[in-house]
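Below, each chain spelled out in residue letters.
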Amino acid sequence: MNAIHAELAHEQLVVLNPATQETIGSVPVFAPDEVAAAVERARAAQPLWAAKPIRERLALIRRFQELLCAQKDAVSAVITREAGKPLGEALSTEVLVVLDGAQYLLDNAAEFLLPEHVPHANLAMKLKRGTLLREPYGVFGIISPWNYPFSLPSVQALTALAMGNAVVLKPSEFTPFTSLELQRLLRDAGLSADLLQVVTGAGATGGALLQAKIDKMIFTGSVATGKKVAQAAAARLLPVILELGGKDPMIVLDDADVDVASSAAVWGAFMNAGQTCLSVERCYVHESIYEKFLAACTAKAGKLRPGNGADPNTDIGPMIHARQLATVKAHVQDAVARGARVLAGGAPLPQLGPNFFAPTLLADVTHQMDIMREETFGPVLPVCSFKTDDEAVALANDSEFGLAASVFTGNKSRGEQLARRINAGTVMVNDVICCFGISEAPHGGIKASGIGRTHGRYGLEEMVWPKYVDSDQMPKMKKLWWYGYGPAFRSQMQGFIELLFTRNLTNRVRGAAKSIQSYLGRKLF
Ligand code: NAD
C-alpha cells in the first residue's frame with residue numbers, strides 16, 4: 001500500500017506529511033449511508049439559507065474573510081504540512097486566492113442575483129414582461145484534489161453558499177485537514193453546521209457522494225476519474241462541472257525578453273513542484289533565442305532549493321506521493337531514451353526523502369515523447385524550438401488538453417493576436433498560472449481539460465439555474481395564437497410573418513393589413 005495513506009480496519013484514513021513521512025493524524029472514512037445522511041441534512045437546511053437576504057449570506061462570508069485573514073499563518077501551515085508546498089506558496093496561491101475570491105463575492109454576488117429584465121423583440125410578445133431569476137440548485141457536491149486543497153474547494157464552496165446552496169465536500173484523501181480548516185472557519189463565522197459538511201474518505205466516498213441526493217457536482221481532479229464521474233452523473237442526469245488536467249503550452253516568440261521568459265518558465269514549471277493543473281508542461285521557444293533561453297533556464301533551475309516546504313528557504317517541496325514521482329521519472333526516462341537532453345536535474349532526490357524530484361530541464365523534446373503528450377504533473381520543464389508563429393500555434397494546439405496557455409513577446413498586440421489562435425480556456429500574455437488568482441477570470445478548460453467554469457461571472461452562473469418568469473400585461477385579453485383556428489388564422493399568421501420578416505416594405509405593409517383583417521375575422525375561444 002502507498003506510504004502516504006492507508007485505510008485501516010476501523011475505517012480511519014491516516015494522513016502523512018509528504019516531506020517527512022510523519023503521521024499528521026487520521027480522519028474517518030465516511031460510509032455511503034453517512035454521506036447520504038450528510039446530504040439529507042444539507043438538503044433540510046438549505047431552503048432557510050436560500051431564503052435569507054443575500055446581504056446576510058454575504059455578511060457571513062465577510063466574517064469568514066476576516067477570520068481567514070487573521071489566521072492566515074495557521075491555515076497555510078496546515079496546507080504545507082499535508083500538501084508539501086512552501087509556506088509562501090500556501091499563502092500566495094491558496095490563502096490569498098480565497099480571500100480575493102471572497103472579496104469578488106462581496107463585490108458582485110448581490111448585483112448578480114438581482115432580477116434581470118428580458119426585453120422582447122418579437123412584436124407579438126411586446127405585451128409581456130420577461131424577468132430572469134437565478135435560483136440556487138440546492139445541495140452541491142464538491143470533490144477535490146490534493147494539489148490546491150484550500151483554494152479550489154473554498155472558492156467553489158463560498159460561491160455555492162453565496163448563491164444560496166448548501167455544500168457537501170469530499171476532499172482528497174491526501175489533504176483532508178485543509179478542508180476541515182475551511183469547515184472550521186465557516187462555522188466560526190456563524191454558518192450552520194449542516195450547510196457545509198466535509199465527508200472525508202477516498203474514491204469510494206466520492207462515489208457515494210455522486211450517488212447521494214445532490215443537485216449538482218463540481219469535480220476537480222484527473223481526466224481518468226473525471227470520466228468516471230461524468231458516467232455516474234450521466235446515469236442520473238446530474239449536472240456536473242469537470243475541472244480536469246492540463247498540458248499547458250508556453251510559447252516564447254523571437255522578440256521576447258529572454259530573462260523574463262526564462263524566469264516565467266522556471267516558476268511556471270516548478271511552482272508547487274509542478275503539481276499545478278496550470279503548470280507550464282510544454283515550452284516552445286523561437287530558434288533564434290533557443291540556446292540563450294536554455295542557458296538562462298539552466299542557471300535559474302540550478303539556484304532552486306528543494307526541501308521541506310515548512311522551511312522558509314525552500315523553493316520546491318516534495319511531490320505528494322511516490323506514485324506521482326514514478327510518473328515523472330517514467331516521463332523523463334522516456335524523453336531521454338528518445339533523444340532529449342537533460343540540462344538540469346533528471347532524477348529523484350532520495351537524500352531528501354522518497355517524494356523529492358530534482359527540478360528538471362529537458363531540451364530538444366518532441367511530440368513523440370510522453371512528456372509532451374501526457375500530463376506529467378511534476379517539476380519538469382521540457383523545451384523545444386520552433387521556426388514560425390504558425391508552427392508554434394500548431395504545436396500548442398496539438399494536444400488532447402485545453403486548460404490554459406501562455407505567450408511571451410515584447411509586442412503585446414502580437415501576443416494578444418496569437419492568443420486568439422490557441423485552443424485553451426485561458427491564454428496569458430507575458431505571465432503564467434496566475435490567471436487562477438484573478439477572481440474575475442473564468443477558470444476551466446476545453447477538450448479533455450473539462451466542462452464548465454468556476455470563478456468570475458461564469459462561475460456564479462454555474463451555481464444557479466435560470467428561471468424565466470413571463471408576465472402578460474393584458475390579463476383580460478385572449479391571445480392571438482390561441483384556438484379559433486381555420487383559414488383566417490392561417491391567413492393571419494401568413495400576414496404576420498410577412499410583416500416581420502420580408503425585406504420589401506410594400507410587402508410588409510400588405511402583410512400587416514392581411515394579418516389584422518384576418519384577425520378581426522376570427523373568433524377566439
Ligand atoms: P484524482 O482524480 O485522483 O482525485 C480527485 C478526487 O477524486 C479525490 O478527492 C479522489 O478521492 C476522488 N475520487 C477518486 N476516485 C473517485 C471516484 N471513482 N468517484 C468519485 N471520486 C473519486 O486527482 P488528484 O490526483 O487528486 O489530482 C490531480 C489531478 O487534478 C491532475 O490531473 C490535475 O491536473 C487535476 N486538477 C485540475 C484542476 C483544474 O482546475 N482543472 C485543478 C487542480 C487539479
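This write-up is about the structure you can find in this document. Note that the structure is predicted; figures quoted are calculated from it, not measured.

What counts, and where the lines are drawn
- Residues numbered from 1 in each chain as written.
- Predicted model: local features only at pLDDT ≥ 70, side-chain atom pairs only at ≥ 80, totals over all residues.
- Heavy atoms only, no water.
- Near = heavy atom within 4 Å.
- Polar contact = N/O pair within 3.5 Å; in protein donor to acceptor, adjacent residues only side chain to side chain.
- Areas by Shrake-Rupley, 256 points an atom, 1.4 Å probe, with all protein chains shown as cover.
- Helix = DSSP H or I, 4+ residues; strand = E, 2+ residues; numbered from the N terminus.
- Pairing = 2+ DSSP bridges.
- Axes fitted to C-alpha atoms, helices over the stretch in contact; angles between N-to-C directions.
- Core = buried A, V, L, I, M, F, W, Y, C linked by side-chain atoms within 4.5 Å.
- Buried < 20%, exposed > 50% of the residue type's maximum accessible area, 1.4 Å probe, protein only.
- Contact = heavy atoms within 4.5 Å.
- Phe/Tyr/Trp six-rings, centres within 6.5 Å; stacked < 30°, edge-to-face > 60°.
- Lys NZ or Arg CZ within 6 Å of the ring centre and 35° of its normal.
- Right-handed = clockwise from strand over helix to strand, strands pointing away.
- Left-handed = near helix turned anticlockwise from the far one by under 90°.
- Nonpolar A, V, L, I, M, F, W, Y, C, P; charged D, E, K, R; others polar.
- Parallel < 35°, antiparallel > 145°, perpendicular 65-115°, else oblique.
- Salt bridge = Lys/Arg side-chain N within 4 Å of Asp/Glu carboxyl O.

On to the site of the ligand, then. Not every one of the 28 residues close to the ligand is listed here, only the nearest: Lys-170, Glu-173, Ser-222, Leu-244 and Glu-375. In this structure, Thr-225 approaches the ligand through a side-chain N or O atom, which is 2.7 Å from an oxygen atom. In this structure, His-443 approaches the ligand through a side-chain N or O atom, which is 2.7 Å from an oxygen atom. Protein chains bury 88% of the 850 Å² of accessible surface belonging to the ligand in isolation. Those elements giving two or more residues to the shell around the ligand turn out to be helix H7 (203–211), strand S8 (216–220) and helix H8 (223–235). In terms of residue count, H7 provides more of the shell around the ligand than any other element does, 3 residues in total.

Let us look at the sheet that holds strand S3 (residues 116–118). What the 3 strands build is an open sheet, ordered S3-S4-S20; its pairing is antiparallel. Of all strands in the sheet, those bounded by a partner on one side alone are S3 and strand S20 (464–472). Between one strand and the next, the sheet's axes are offset by a mean angle of 30°, whatever the strand orientation. Strand direction decides the pairing type here: strand S4 (residues 128–136) and S20, joined by 9 bridges, are antiparallel. The partner of Thr-131 across the bridge, within S20, is Val-469.

The biggest cluster of nonpolar side chains holds 113 residues, and the ones touching the most others in it are Met-217, Met-250, Val-252, Phe-293 and Leu-381. Those residues in contact with Val-252, other than ones at most four positions away along the chain, are Ala-261, Cys-283, Tyr-284, Val-285, His-286, Ile-289, Phe-293, Phe-386 and Phe-408. In terms of nonpolar packing, the next biggest core, distinct from the first, is built from 27 residues, Ala-340, Met-369, Val-407 and Leu-418 among them.

Taken as a whole and judged by the stated rule, the model has 6 aromatic pairs. Here Tyr-137 and Phe-140 contribute two aromatic rings whose centre-to-centre distance is 5.6 Å and whose plane-to-plane angle is 90°, an arrangement assigned as edge-to-face. Relative accessible area serves as the criterion here: at 0%, Phe-140 is assigned to the buried category. Aromatic ring contacts, followed pair by pair, group Tyr-483, Tyr-485, Phe-489 and Phe-525 into a single cluster. The residue whose ring lies beneath Lys-85 is Tyr-148, and the NZ or CZ to ring-centre distance is 3.8 Å.

Let us now look at the pairing of strand S16 (residues 404–408). Counting buried positions along S16 gives 5 out of 5 residues, so the element sits mostly inside the fold. What you see with S16 is no split at all: Ala-404, Ser-406 and Phe-408 on one side and Ala-405 and Val-407 on the other are buried throughout. Pairing analysis gives 3 bridges linking strand S10 (residues 248–252) to S16, with the strands arranged parallel. Within S16, the position partnered with Val-252 by the bridge is Phe-408. Taken together, S16, helix H13 (residues 412–420) and strand S17 (residues 426–429) constitute a β-α-β crossover, and its handedness is right-handed.

All right, on to the packing of helix H5 (residues 151–162) against helix H6 (residues 176–188) then. Where H5 meets H6, the axes come as close as 10 Å, and the angle between the chain directions of the two elements is 35°. H5 and H6 meet at a crossing whose hand is right-handed. On H6, the residues touching Pro-153, Ser-154, Ala-157, Leu-158 and Leu-161 of H5 are Ser-179, Leu-182 and Leu-186. For the contact of H5 with H6, a count of residues per class yields 6 nonpolar, 2 polar and no charged.

Take the packing of helix H9 (residues 258–270) against helix H10 (residues 290–303) next. Between H9 and H10, the least distance of the axes is 9 Å, while the angle of their chain directions is 50°. Classified by the angle their axes make, H9 and H10 are oblique. Here the hand of the crossing between H9 and H10 comes out right-handed. Touching Val-258, Asp-259, Ala-261, Ser-262, Ser-263, Ala-265, Val-266 and Phe-270 of H9 are Lys-292, Phe-293, Ala-296, Cys-297, Lys-300 and Ala-301, all from H10. Split into classes, the residues belonging to the contact of H9 with H10 amount to 9 nonpolar, 2 polar and 3 charged.

Turning our attention to the side chain of Gln-197. Within the secondary structure layout, Gln-197 lies in strand S7 (residues 196–198). Residues in contact with Gln-197, not counting those within four places in the same chain, are Ala-38, Arg-41, Ala-42, Val-167, Val-168, Leu-169, Gln-183 and Arg-187.

With the rule as written, the count across this model stands at 26 salt bridges. Notably, a salt bridge pairs Lys-128 with Asp-472, separated by 2.6 Å at the nearest N-O pair. In this pair, Lys-128 sits in strand S4 while Asp-472 sits in strand S20, placing the two residues 344 residues apart along the sequence. Assessed through its relative accessible area of 23%, Asp-472 is described here as partly exposed. Residue Arg-373 pairs with Asp-398 through a salt bridge whose shortest N-O separation is 3.2 Å. Remark: Asp-398 occurs in the loop between helix H12 (389–397) and strand S15 (401–402) and Arg-373 occurs in the loop between strand S13 (360–363) and strand S14 (380–386); sequence separation between them is 25 residues. Under the relative-accessibility criterion, Arg-373 is labelled partly exposed at 33%.

The residue Gly-309 is located in the loop between H10 and helix H11 (322–337) in this model. For the pair Gly-309 and Ile-143, spaced 166 residues apart in sequence, the C-alpha separation works out to 25 Å. Setting aside chain neighbours within four positions, we find Gly-309 in contact with Thr-80, Gly-84, Lys-85, Pro-86, Leu-87 and Thr-314.

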